[in-house]
Amino acid sequence: MAWREKNMSIATINPTTGETLKTFDPLTDREIETKLALAAEAFEKHRQTTFQQRSQWLNKAADILERDKQKFAQIMTTEMGKPFQAAIAEAEKCAKVCRFYAEKAEEFLADVEITTDASNSYISYQPLGVVLAVMPWNFPFWQVFRFAAPALMAGNVGILKHASNVPQCALAIEEILQQAGFPEGVFQTLLIGADKVEAIIKDDRVKAATLTGSEPAGASLASAAGKQIKKVVLELGGSDPFVVLESADIEAAVETGVSARMLNNGQSCIAAKRFIVAEAIADKFEKLFVEKFEALKLGNPMQEDTDIGPLATEAILSDIEQQVAKAVDNGAKILIGGKALPDSAGNFYQPTILTEIDPDSAIAREEFFGPVAMLFRVKDIDEAIALANNIPFGLGASAWTNVPEERDRLIKDLEAGSVFINGLVKSDPRLPFGGIKRSGFGRELSSQGIHEFVNIKTVWIK
Ligand code: NAP
């Protein structure tokens, strides 16, 4: 993504129609200062609240998400184009992560006794303070709640810089948490551009930061935080492999592979992006894969029978067009798709499969953030693992086999933050989520996620 040139205004632009529905003035420096002061003040009170009190508020947020999921889904689909039913499911998943941490936070953060030469020694987990969250538009509610639920339960307070194309989602989330009862200042949305992030990280009142988004944005935030010696969690891009070996259930692999690639109109960090298939079954896999792509319905995301809506912004559509053109220039063959929808004001791109791609070419190592699958053929498991690992990223990996020895090797040798055998890579509040290599560092969700933004305090009593 040409992120450097992206000087995005803060606005709701419907990607289905291209229409600008609402624009927002970014906060002034003075307004930012007021919000930071409020956050710091709120922290002093919030850190003194009990887990029971925080749980009550977070469960209330879950109630609101469930009650008004249609309303929130409408905002998501209008701002970034995901199918409406998927947006409803996203609101429900946010409720789930709230309930999960409302129930589990106290247990995760309980003191841990350790026997030493002291009469009593233990670990006590304490909140850090104001945490800045810089979030992307692709799961505009989920990404925020998966940060906010553990952070607020731990006693931190959050300030959100959301992506500039989802301001109404950002404001709705702030409102949900306020209506749920969290005191003023515990969670605030800052409508600001990316250019304000560095100054906020430098501010003494901000103790840590997390960013979900692209590599350049992550590197920029991490270097600003590094200069200030502040803790960072990064959830960045991926180009996940989807490995299918000879013994796999091919029909099930194809079915899941299509969903894995097309989730969120192809704009998911953990989407399967590179399909690496054993030569012995590759013809059959390819035929079924193309058939399933042919059957996908591209269209208005508000309609129930639509499988794929528009890409979120014009810039993403243009990136995808350029990437496909580059792949073709390098010798790739298009099996299906390969074009934007002509005569459409929206950002629609056809479901596309590329094959015969040079695995060592630069384009084969890039992330396609849209409905484009790369299909590779390999002779055996060694070649499959080598190709799967031949990228700078390491987010998730899905691998299909029914041979136990192959399964064990894939689990051990695939370079990724998660490996799913015979299944779709997905996030789940109960399991840690995150990547290695250029996909980032740190973990969200589960017990590991809530431990990222706490002071792991050692206590020793004579
Ligand atoms: P992006 O441009 O990096 O934007 C993400 C957020 O970072 C936005 O709020 C954006 O603000 C902000 N931002 C951009 N440049 C920045 C900078 N230099 N300093 C500070 N903040 C900056 O990401 P995207 O391209 O829209 O989103 C897609 C990427 O996110 C993909 O690579 C995808 O794989 C990744 N992603 C990863 C995960 C994960 O969990 N690992 C989940 C979802 C998405 P503006 O909107 O104002 O520019």
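What counts as what
- Residues numbered from 1 in each chain as written.
- Predicted model: local features only at pLDDT ≥ 70, side-chain atom pairs only at ≥ 80, totals over all residues.
- Heavy atoms only, no water.
- Salt bridge = Lys/Arg side-chain N within 4 Å of Asp/Glu carboxyl O.
- Core = buried A, V, L, I, M, F, W, Y, C linked by side-chain atoms within 4.5 Å.
- Buried < 20%, exposed > 50% of the residue type's maximum accessible area, 1.4 Å probe, protein only.
- Helix = DSSP H or I, 4+ residues; strand = E, 2+ residues; numbered from the N terminus.
- Domains from an automatic or database assignment.
- Contact = heavy atoms within 4.5 Å.
- Buried area = accessible area lost by both parts, 1.4 Å probe.
- Polar contact = N/O pair within 3.5 Å; in protein donor to acceptor, adjacent residues only side chain to side chain.
- Phe/Tyr/Trp six-rings, centres within 6.5 Å; stacked < 30°, edge-to-face > 60°.
- Pairing = 2+ DSSP bridges.

Scanning all chains against the criterion turns up 30 salt bridges. Beyond isolated ion pairs, a larger network of salt bridges with shared partners links E279, D283, E286 and R377.

Grouped together as the largest cluster of nonpolar side chains are 126 residues, with contacts concentrated most on Y101, L132, F141, F145 and L221. Counting residues per element, this core draws most heavily on helix α4 (residues 84-108), at 13 residues. Counting only domains with at least three residues in this core, you end up with domain 1 (11-236 + 439-461) and domain 2 (240-421). Those residues in contact with L132 that lie beyond four places of it in its chain are I159, K161, V197, I200, I201, V206, A208, A209, T210 and L221. One finds V258, A260, I308 and W400 within the second-largest nonpolar core, a separate group that totals 28 residues.

With that settled, consider the domain arrangement of the protein. Assigned domains of the protein: these are domain 1 (11-236 + 439-461) and domain 2 (240-421). The C-alpha centroid of domain 2 is placed 30 Å from the C-alpha centroid of domain 1. Taken together, the contact between domain 1 and domain 2 spans 21 residues of the former and 27 residues of the latter. Carbon and sulfur atoms make up 59% of the area that domain 1 and domain 2 hide from each other, which totals about 1800 Å². At the junction of domain 1 and domain 2, the tally comes to zero salt bridges. The tally of links between domain 1 and domain 2 comes to eight residue pairs in polar contact (both at pLDDT 80 or more). Put simply, the parts of the chain that give the side of domain 1 that touches domain 2 at least two residues each are α3 (69-80) and α4. Looking at the side of domain 1 that touches domain 2 element by element, the count peaks at three residues for α3.

Enumeration according to the criterion identifies 12 aromatic pairs in this entry. Between W57 and F182, the ring centres sit 5.3 Å apart and the planes meet at 55 degrees, which makes this aromatic pair tilted. With W57 in helix α2 (residues 51-67) and F182 in the loop between α6 (167-179) and β7 (187-189), this residue pair connects regions lying 125 residues apart in the sequence. Neither W57 nor F182 differs from the other in exposure class; each is buried. Relative to F141, the ring of F72 lies with its centre 5.5 Å away and its plane at 40 degrees, an arrangement referred to as tilted. Taken together, the residues span a long stretch of sequence, with F72 in helix α3 and F141 in the loop between β5 (130-134) and α5 (142-153) at a distance of 69 residues.

Taken in spatial order, the six strands of this open sheet run β7-β6-β5-β8-β9-β19, and their pairing is mixed. Each edge of the open sheet carries a strand with a single partner, namely β7 and β19 (440-441). Alignment of strand β8 (residues 206-212) against strand β9 (residues 231-235), held across five bridges, turns out to be parallel. By the bridge assignment, A208 is partnered in β9 with K231.

Take the environment of T458 next. Within the fold, T458 resides in strand β20 (residues 454-461). On the accessibility criterion, T458 (67% relative accessible area) is exposed. In sequence terms T458 and Y122 are 336 residues apart; their C-alpha atoms lie 6.1 Å from each other.

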